[in-house]
Amino acid sequence: MGIASVVVDVPAKQTDREFDYSIPGKWEHIVQPGMRVIVPFGPRMVQGFITALKNDSNVKKIREVKEILDLEPVLNEELLKLGSWLTEETMCFRITALQAMLPAALKAKYEKVLRISTGREEHLEATVQALFKNKDMISWKDVLESDHAALLQKHVRKGNLEVMYFVKDKLKKKTVRVIQPLLNKEGLEDYAGILPPNARKQYEVLHHFINHPDKIQLRELLEDVRVSNAVVKALIDKGILAEKEEEIYRDPYENRVFKQTEPFILTQEQADALRPVKKSIHDNSHAVFLLYGVTGSGKTEIYLQAIDDVIKKGEEAIMLVPEISLTPQTVKRFKERFGNLVAVMHSGLSIGEKYDEWRKIHRKEVKVVVGARSAIFAPFENLGIIIIDEEHESSYKQEETPRYHAREVAIERAKHHNCPVILGSATPALESFARAKKNVYKLLTLSKRMNESKLPRVDIVDMREELRNGNRSMFSKTLFSKLTDRLEKGEQTVLLLNKRGHSSFVMCRSCGLVTNCPNCDISLTYHRYNDSLKCHYCGHEERMPQACPECGSDHIRFFGTGTQKVEEELAKILPEARVIRMDVDTTSKKGSHERLLNAFQEGHADILLGTQMIAKGLDFPNITLVGVLSADTMLHLPDFRSSEKTFQLLTQVSGRAGRHELPGEVVIQTYTPEHYSIELSGLQDFDVFYEREMYIRRQSHYPPYYYLALINVSHEDLMKAVAVTEKITKYLTASLSPEAIILGPVASPISRINNRYRYQCLIKYKREPELKKQLRTVLEHYQQETAQNLLQISIDMNPQIMM
Ligand SMILES: Nc1ncnc2c1ncn2[C@@H]1O[C@H](COP(=O)(O)OP(=O)(O)OP(=O)(O)O)[C@@H](O)[C@H]1O
Ligand SMILES: [Zn+2]
Ligand SMILES: [Zn+2]
């Protein structure tokens, strides 16, 4: 009798193991490890993963697999193994680890069908065709009831049939309003010529269509040309433009033709860096390379050429980039080189689109995936290289279970595949650089920019001084004069508003009251578009008060600078400047990111104003000035990495200026010019920063000298949270070696979220072989209470965020 070992979808301590189920005869030759099944569990039916097959079981009353959910494994052997590793390393449940590796469409319950692949009908024999009864798809229920499962499986393998998931957002066709010109270029030009001089806005719309005769979504048009709906309406009424409803495409790159690019001839430095990587590819030997290259030194070209070798060798590549720099510009560079061989995975895709991309990988239709963190689980079977760009980015760490770091997963997978990993950055994480110095990673250096162009000159401006000299504006004299200069020359500027931390809280100027969330100990953030205050932790929302709830004063207003406020100020002081603003508000809609960047690249604006999201990846020749409005906002976060993060951000954004022929300049405005991370980012000297920061880390026992484990305890009852944390702290102190440093219990920097009090215990250690075992003991001890959710205990090995 065939027996399947199944990990069931019941994330709890007692169920965190494999259970045996017998396999019904008709599926006996179909099931394989890595397939999902439905099995009875207690009184319920639950989902599970088959992790292994065997011939007998010592379970007496064995139950049967109820349904199979796949005809082909969704997790291959390597990924199943990786799941166990993840479980071990991040201290999560097996089921959580297995699910983390799959696209969302496979996790939830979506309607599932088996469909005949386009044009493959004639490959099906009569038996199978009969099953489909002239339709092109049948429900999964039909598949389960059929006696021909093995036959269906064969066709799925050959690609004649495919499993599809109907996700809600796919069934509902989305439409948008599009605008297109009814006249040709000459017609538009003629009409523009006879417009009255006061119809400037209409003129600009016409001008847009003269340059871009293609249809465009109304929304995009309004944003790009910065006109109101009424202006467009006027042109529609006059019969110059037409408006219609159109369906949105599912694949954002579907109808796009990419011009193929050829590899560049590498510079000496690039060639020297690539050589050892190529050797590792061709020798099938695992190695981790740290590609430390200043901004604009041509790291991407090295990635491209390494991937090219991998493809030629018949293998596959994973290219990770941080979510916020997964810009169309980045994707384009890979699509231009490798065309249809590239799949793209990022959070902007719908569930259906993500599943499509995943399927391309699963069915070996693509060779490369470019994606954010979770693309590290791409189900390739012949990996030849894994590359992580901007490897220092904190978004590579998942901040929910399983709390994995993509860098560690990459190395684990690369070991399995005997292939290289490249970690690339101009400002590597301290941990990575330290490993490179110890030769654990192989250091590859690009010290020069392309065409030997210089790194930009940096001016650090002391904003306290500005205030003393009577300048109350958010722009220093220096920045203002350079901005004006660029406007005159027709060159472009990037303005960064460093907007982490408490940027737009509301304060009463009379009594100093700061409006906090009633559920969380954190200030509320002001949102202008609906004049409300919002909590970013629990979602609490309230109207902006007219008067101070404490003292009744009406001098209550929001503090700190949002991008909108900067935009308004720019409109006052430089009314002629054309500004594109990029922040969460303007880029929340699909495709808007790309549109705004394109508009900037095509010169439709003089200034690109934005938050962190503009700091990376941009490679535009006409940017010659970068201004940082508030360099220090991140410095004061309660996080031992705050200096490192500040240095990285400032260096990255400075690197956007002067990348091509024109030289670049940077102005950094700060209230703490003497802070070393600001001073050294001014010099763009990573090496000095590294030494300095390492010294501090050693003094204060932080990574890379020590490893960290953070235990976070939360409970509605404050005393309970404190007591449990205290008990854990005591237990660990007694059971770990005397070298371990155990800090706690202390209140978390955000001491209450959603009415739950939060306490933590931080462990700093060098070598504690017993640590994970002890932590598991702790979790087991509190298992009953945590199962009821009264008490929550989370453990983060190598935390990136200390909140
Ligand atoms: N060998 C080469 N010959 C000519 N141009 C090159 C070569 N390598 C790269 N470039 C060009 O130089 C510019 C900078 O390269 P790239 O964007 O790859 O740098 P990077 O190190 O990835 O930058 P950053 O980390 O700042 O994003 C790009 O426009 C790229 O096309
Ligand atoms: Zn007040
Ligand atoms: Zn809240």
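Residues numbered from 1 in each chain as written. Chains lettered and ligands numbered in written order. Predicted model: local features only at pLDDT ≥ 70, side-chain atom pairs only at ≥ 80, totals over all residues. Heavy atoms only, no water.

- Under an unreviewed UniProt entry, the name given to the protein chain is Replication restart protein PriA, and the source organism is Peribacillus glennii.
- One UniProt comment on the protein chain, placed under Sequence similarities (unreviewed entry), says "Belongs to the helicase family. PriA subfamily."
- Under the heading Subunit (unreviewed entry), UniProt records this for the protein chain: "Component of the replication restart primosome." (UniProt positions renumbered as here; feature names shortened; annotations may be inferred.)

### Here we look at the site of ligand 1
Consideration 1: Around ligand 1 sit 19 residues, and of these Gln270, Lys299, Thr300, Asp619 and Arg659 come closest.
Consideration 2: Arg333 places a side-chain nitrogen or oxygen 3.0 Å from an oxygen atom of ligand 1.
Consideration 3: Computed on the free molecule, ligand 1 has an accessible area of 630 Å², of which 87% lies beneath the protein chains in the complex.
Consideration 4: Of the residues assigned to the shell around ligand 1, the class counts are 5 nonpolar, 8 polar and 6 charged.
Consideration 5: Each of domain 4 (268-449) and domain 5 (453-501 + 561-699) accounts for three or more of the residues forming the shell around ligand 1. (Near = heavy atom within 4 Å. Polar contact = N/O pair within 3.5 Å; in protein donor to acceptor, adjacent residues only side chain to side chain. Areas by Shrake-Rupley, 256 points an atom, 1.4 Å probe, with all protein chains shown as cover. Nonpolar A, V, L, I, M, F, W, Y, C, P; charged D, E, K, R; others polar. Domains from an automatic or database assignment.)

### A short note on the domain arrangement of the protein chain
Consideration 1: Splitting the protein chain by domain gives domain 1 (1-94), domain 2 (111-166), domain 3 (175-247), domain 4 (268-449), domain 5 (453-501 + 561-699) and domain 6 (707-797).
Consideration 2: Taking the mean C-alpha position of each, domain 1 and domain 6 sit 32 Å from one another.
Consideration 3: Taken together, the contacts link 7 residues of domain 1 with 8 residues of domain 6.
Consideration 4: Taken together, both faces of the contact between domain 1 and domain 6 bury some 790 Å²; the carbon and sulfur share is 52%. (Contact = heavy atoms within 4.5 Å. Buried area = accessible area lost by both parts, 1.4 Å probe.)

### Remarks on the sheet that holds strand β25 (residues 541-543)
Consideration 1: Here 3 strands make up an open sheet; going across it, the order is β23-β24-β25 and the pairing antiparallel. Looking at the sheet topology across the chains shown, the edges are occupied by β23 (525-527) and β25. For this sheet the average axis-to-axis angle between neighbouring strands, irrespective of direction, equals 30°.
Consideration 2: Sheet topology places β23 next to strand β24 (residues 532-534); 3 bridges connect them, and they run antiparallel. Bridge pairing links Thr525 to Lys534 in β24. (Pairing = 2+ DSSP bridges. Helix = DSSP H or I, 4+ residues; strand = E, 2+ residues; numbered from the N terminus. Axes fitted to C-alpha atoms, helices over the stretch in contact; angles between N-to-C directions.)

### Some details on unusual backbone geometry
Consideration 1: Pro402 follows Thr401 through a cis peptide bond whose omega is -10°.
Consideration 2: Along the chain, Pro402 falls in the loop between β17 (383-389) and α15 (406-417).
Consideration 3: The omega angle of the peptide bond from Gly744 to Pro745 is -5°, so this bond is cis rather than trans.
Consideration 4: With respect to the helices and strands, Pro745 occurs in strand β32 (residues 741-753).
Consideration 5: One non-glycine residue, Glu390, adopts positive backbone phi at about 50°.
Consideration 6: Along the chain, the position of Glu390 falls in the loop between β17 and α15.

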